[in-house]
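Below, each chain spelled out in residue letters.
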Amino acid sequence: MILSIYLHGSPGQTASSLFSLPAMFGPAVLIEPGCPDKIPELIASMPDTYTAAVEGGLEEELGDPLSRRPRTAIVNMVSYHEEVVAAVGYHLLKLRHNVTVFTKATALGMEEVVRPFLWKGFRRYEAFFAAFHEFDCVVLITFPTCHVGLLHALASLQLPQTYVVMVHNALALEQEAAVRAIRASGAKVLTIAPHVQAAAQRRAAAQGVQVDSGWVAPMFPVIFPEECVEGSWRRVLPACRPVYINDTLAGLSPAAEPGAEAARPRSGICLQGKLDQSRRDYTGIFAQLQEQAEELAASNFTLVIQGKGADVTVPQDLIDRGIVEHYSFLPFQEYYEVMHGCVAILPAFSSDEYYTDRASSTMGAALISATPLIATPEMLRVYSFLSRESVFLVDPTLPYVETMRRVLALPPSVRQAKLQGMQLLRRQLLQKNIKMLEDLLGPRPLLKGPDGTPRSMANAATWGSAETRRWQEELETAAQLPPLQDDAAW
């Protein structure tokens, strides 16, 4: 099928040029395996939607709002990276954006976890294609996977919007189609680690494209059971009214009677992520655990593994002896509570890509769950937003099991100091993230003051006490509102 796309020099003008769908996308752009089949059809609907919007009159302030809050769409057409959706949404809200999330959400309850701040809920990603022209800023969360064609289409319509693409693995920018889409749209590249930002810049430059780029630490607040206070708006959140799908997690549930629950003592080491040997050294860890099984079982050692995958099987004998606990498909609230209950999180990278081009979800898991990492000096160097005070720094030559046992044997005072270090790091990164996101977006899609100049949200103290209180009141009120009811036709 050949689809005609009319390009307008500016909103409201007559069509000035004609492009076919293959020319717009480039000959190498295909819908990848695993992407929704309906993407081409949805993209094909955009010109007619755009034409109708222009005929009806686009908003004069589109792209550079002066009298209202900026409107931002977060789009994710795959069923993963929901935690990145939440993290970006949280920080954009801190910038006072009016955020709408369009996503292919799973049934794992992220929408409920983030309800205190993303109170409008999640909309199906299909709905974005009827409303794309209403937003000042569009953020594509998983780029280039499944989103290259959409970015090309948005660029072709020449709306005065700001585009941001989230790149998780800079190796993906070796795809010429992805870099062409960035160049055509002027999209800014956002990553979740500084080394991925640097690698993305290098790989785009190798194709002759200089990109505006930045990074944010992937984090957002999660309410845990110890924060469930009687009379608080938090009582409506999943931590305070859990329905656990796994009977072995019954001990994580707060008391049946409402009221505050004391924080549970932390125990064990956590290992999270897709069960994939190319990502983490599961084979090496399991072999070491089995070699020392008798001693580990006698010492009540526990490694908590979260994740699933077809390529790695957790040895049943380790589970039977209580050395390993394995949870494969937990809802997000339970997932974060399990991580929150561990003494530390072990990254166990098995690929050097995590130090050169690729970001690890383990970093975000640690920041969100407020659990210290077990880190090597190289990890601290590459993931430079981490602090020595927030990690258990270990000798990289030691076997995994020996490393974990040494961390668990540390005095409570040392472990508590690392928890406090992680809490401090999270507060520092919040302010740093907001400032970095402000700098990346530039002045157009930012909140403006009465004189039309952008207002910095990087320091909440500049808002004034009345505005700070109003922001908190909005959050508390929003947490009690019902989620947005999306179009049932989708």
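Cut-offs and rules
Residues numbered from 1 in each chain as written. Predicted model: local features only at pLDDT ≥ 70, side-chain atom pairs only at ≥ 80, totals over all residues. Heavy atoms only, no water. Salt bridge = Lys/Arg side-chain N within 4 Å of Asp/Glu carboxyl O. Helix = DSSP H or I, 4+ residues; strand = E, 2+ residues; numbered from the N terminus. Buried < 20%, exposed > 50% of the residue type's maximum accessible area, 1.4 Å probe, protein only. Disulfide = S-S within 2.5 Å. Expected span 1.5 Å × (residues − 1). Contact = heavy atoms within 4.5 Å.

Draft legend 1. The arrangement of the pattern of salt bridges in detail. For the structure shown, the criterion picks out 18 salt bridges. The partner of Lys-448 in a salt bridge is Asp-64, and the shortest N-O contact between them spans 3.0 Å. Placement of the pair is Lys-448 in the loop between helix H16 (412-441) and helix H17 (465-478) and Asp-64 in the loop between helix H3 (46-56) and strand S3 (71-76), with a sequence separation of 384 residues. With relative accessibility at 27%, the residue Asp-64 sits in the partly exposed group. A salt bridge links Lys-435 to Asp-439; the nearest nitrogen and oxygen atoms lie 2.8 Å apart. Here Lys-435 and its partner Asp-439 are both found in helix H16, 4 residues apart, which amounts to about one turn of the helix. Here Lys-435 falls in the partly exposed class, since its relative accessible area comes to 38%. One network of salt bridges, in which partners are shared, links Glu-59, Arg-68, Arg-71 and Asp-136.

Draft legend 2. Region of interest: the state of the cysteines. Using the criterion set out here, one finds 2 disulfides in the structure. Between the sulfur atoms of Cys-35 and its disulfide mate Cys-146 the distance is 1.9 Å. Where Cys-35 bonds to Cys-146 through sulfur, the torsion about that S-S bond is close to -90°, and the disulfide is left-handed. Placement of the pair is Cys-35 in the loop between helix H1 (21-25) and helix H2 (39-44) and Cys-146 in the loop between strand S6 (137-143) and helix H6 (148-157), with a sequence separation of 111 residues. Here Cys-270 is linked by a disulfide to Cys-342, with a sulfur-sulfur distance of 2.1 Å. Disulfide Cys-270-Cys-342: torsion about the S-S bond near 60°, hence right-handed. Of this pair, Cys-270 sits in strand S10 (residues 269-272) while Cys-342 is found in the loop between helix H12 (332-340) and strand S13 (344-345), placing the two residues 72 residues apart along the sequence. Under the relative-accessibility criterion, Cys-270 is labelled buried at 0%. The exposure class assigned to Cys-342 is buried, which follows from its relative accessible area of 1%.

Draft legend 3. Seen up close, helix H4 (residues 82-94). Compared with the 18 Å implied by 1.5 Å per residue over 13 residues, the 19 Å span of H4 between its first and last C-alpha is a close match. A large share of H4 lies buried, amounting to 12 of its 13 residues. Every buried residue belonging to H4 is among Glu-82, Val-84, Val-85, Ala-86, Ala-87, Val-88, Gly-89, Tyr-90, His-91, Leu-92, Leu-93 and Lys-94, and all of these are buried.

Draft legend 4. Broad picture of the environment of Ser-328. Following the sequence through the fold, Ser-328 ends up in the loop between strand S12 (324-327) and H12. C-alpha separation for the pair Ser-328 and Lys-308, spaced 20 residues apart in sequence, amounts to 4.9 Å. When sequence neighbours within four positions are dropped, the list of residues in contact with Ser-328 reads Gly-307 and Lys-308.

Draft legend 5. Just unusual backbone geometry, in detail. Across the junction of Phe-143 and Pro-144, the peptide omega takes the value 5°, indicating a cis bond. One non-glycine residue with positive phi stands out, namely Asn-300, at about 60°. Structurally, Asn-300 is set in the loop between helix H10 (293-298) and strand S11 (303-306). What makes Asn-300 exposed here is its relative accessible area of 67%.

Scope: geometric values only; no functional claims are made or implied.
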